[in-house]
Amino acid sequence: MDAVFTSEVVFDAKSIGPIGIQNTEERRDRESAQSISSNETEGCEKQGKWSDLPSLPLEKIYSFLRREDQVNMSLVCRCWSEGYGSPSVWETFRFDLTESHLSMDSCPVMKFVQKYSSMFRNVEINGFHNKNNLLVKNWCRHFVEFLQNLTINTQLISVEFLYFTDCLTHIDTPTYKEICGAISDFLASQHLLKRVEFNICPFEYQECVQFLKILIENSRESISHLKLRDFLSDENEDIVQDSNVAQKLPVLADLPSLKTLETDYSSIFENMVARQSNAIQAVKNCKTLLLTKLKLYNYRTYTEIENFRGLTSTDWRFMKTLYPHLQVELILSIDSAARRVFEFFILPNMPISHLKYSNGDFNVGTEIAVLFDRLLACKTNEHLVYLKLDWEEPSQHLSSTINPFLQACKKLKCLVLFMLNITGIDVLLESWLENRPVSLEEVIIDILYQHNGNEIPGWINITDYVSLLKLAGLNIRVKLRIYS
């Protein structure tokens, strides 16, 4: 079984204990002054000392350390203390308060914010995961204070709002309004934002529209990446009837520098796209818009789809006119009524280059055949370069179902299959030895298999075919994960 391990150095105040932050900062100032007094006449005059390290290598070393280690490093000498206050050390800041932080009368993290926020350029703001009303209230207070500080002191390049669900669920209306007001004021103060993300931060429709409107008014020329995942709190409310609010909603063409958009399919996205037909003529008289990647998610049931008007092939034709290099990555995860979902989301003129599909229904094999028919009818196979299918219960007809579609995809380079048994896989691989899809370069087959102690049928054939296909030039991996 393959395993991948990753590690990441994150610069945040969370890595220091709440008391440790305050005490270490005070100790840093005190010991730094003592170090300067005792060593500046002898240590700094000598050559080859660590204290003489040039500023660029010094800042590079700081960039690899946690906040606590940065503070300790700054205690060594005056030179290193000055390096601690350099802009590169504070370019990226993570606002992530712990329960310990929020239990204190004065949050020590805010000392760093007040002192160094003018140097922040990239900020990540994490919500607080707790149902304790007092702690949530304290988080809201510090969050508002944090944004107010950024509003006055900082021009950011990127900002991420992450995981606000618990915070927004356990607050009263006045606090919610205060938070939304602080976000609006902050966004209005920023004019250089290139990357903005709202991820699992469900706001009401009116606030969502307001945030987007303010973003476009103040950072329209700079924003190149926008993410709106779980941004809108409740699609089932009759929000589209509020015409006054809807008229304030911008269209995608109002973001001329936007290159990537990652979003759920929502009434906000639908309206931002559907209302663009009026922008066609204006765009003809100016430079080509830059949007090249649209990552579109759907996690819905049949009844929820009925709440939407739905985009049309004409809407997507306008999109292709506005964004001639656009590629769509469509992620469909559904649990019923697959045929209706395919007809709603997969349309002619829609340039789907990447498709990821999963279905909680155990009859998914039949639905995959319907999916292929829909893709061929809309000529999606002409654009597709990546296909991932959660085909949990394949049958002996796996090869006859999938091969005709693969042969029709002249640009498909990567195929990923997730399965719960190995039925039909040997027949599929054997067929590729004789007639492999021409464009296919990489195949990953991930099998989660319930082992009952008996020999796994067909596994020897599968491993033999994998070896032969590798010799033939196909980058293929078959992962077998066994559970009992």
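Residues numbered from 1 in each chain as written. Predicted model: local features only at pLDDT ≥ 70, side-chain atom pairs only at ≥ 80, totals over all residues. Heavy atoms only, no water.

As recorded by an unreviewed UniProt entry, the chain carries the name F-box domain-containing protein and is attributed to Araneus ventricosus.

Draft legend 1. Representation of the overall build of the chain in the model. Each helix and strand in the chain was counted, giving 20 helices and 13 strands. Across the 484 residues of the chain, 50% fall into the buried class. If you take every contact in the chain between residues at least 6 apart in sequence, the share linking residues at least 24 apart comes to 83%. (Helix = DSSP H or I, 4+ residues; strand = E, 2+ residues; numbered from the N terminus. Buried < 20%, exposed > 50% of the residue type's maximum accessible area, 1.4 Å probe, protein only. Contact = heavy atoms within 4.5 Å.)

Draft legend 2. Structural context of helix α20 (residues 459-471). The end-to-end C-alpha distance of α20 is 19 Å, a good match for the 18 Å that 13 residues give at a rise of 1.5 Å each. Within α20, burial applies to I462, Y465, V466 and L469. Seen along its axis, α20 keeps its buried residues to an arc of 105°; they face one direction. Seen from the open side of α20, the exposed residues pointing more than 90 degrees away from its buried face are I460 and L471. Phi turns positive, to about 105°, at G473, one or two residues after α20. (Expected span 1.5 Å × (residues − 1). Arc of directions from axis to C-beta.)

Draft legend 3. The pairing of strand β9 (residues 352-359), seen in detail. Counted residue by residue, β9 has six buried out of eight residues, so it is predominantly covered. Sheet topology note: the strand β8 (residues 327-334)/β9 ladder contains seven bridges and is parallel. Bridge pairing in β9 links L330 to L355. Crossover β8 to β9 through helix α16 (residues 338-345) is right-handed. (Pairing = 2+ DSSP bridges. Right-handed = clockwise from strand over helix to strand, strands pointing away.)

Draft legend 4. Region of the structure containing the pattern of salt bridges. This model, assessed by the stated rule, comprises 15 salt bridges. Note that E207 and K177 form a salt bridge whose closest N and O atoms lie 3.4 Å from each other. Highlighted residues: E207 in helix α10 (residues 205-219) and K177 in helix α9 (residues 173-189), separated in sequence by 30 residues. A salt bridge links D390 to K388; the nearest nitrogen and oxygen atoms lie 3.0 Å apart. Here D390 falls in the buried class, since its relative accessible area comes to 15%. What you see here is one network of salt bridges that share partners, running through R94, D96 and E124. (Salt bridge = Lys/Arg side-chain N within 4 Å of Asp/Glu carboxyl O.)

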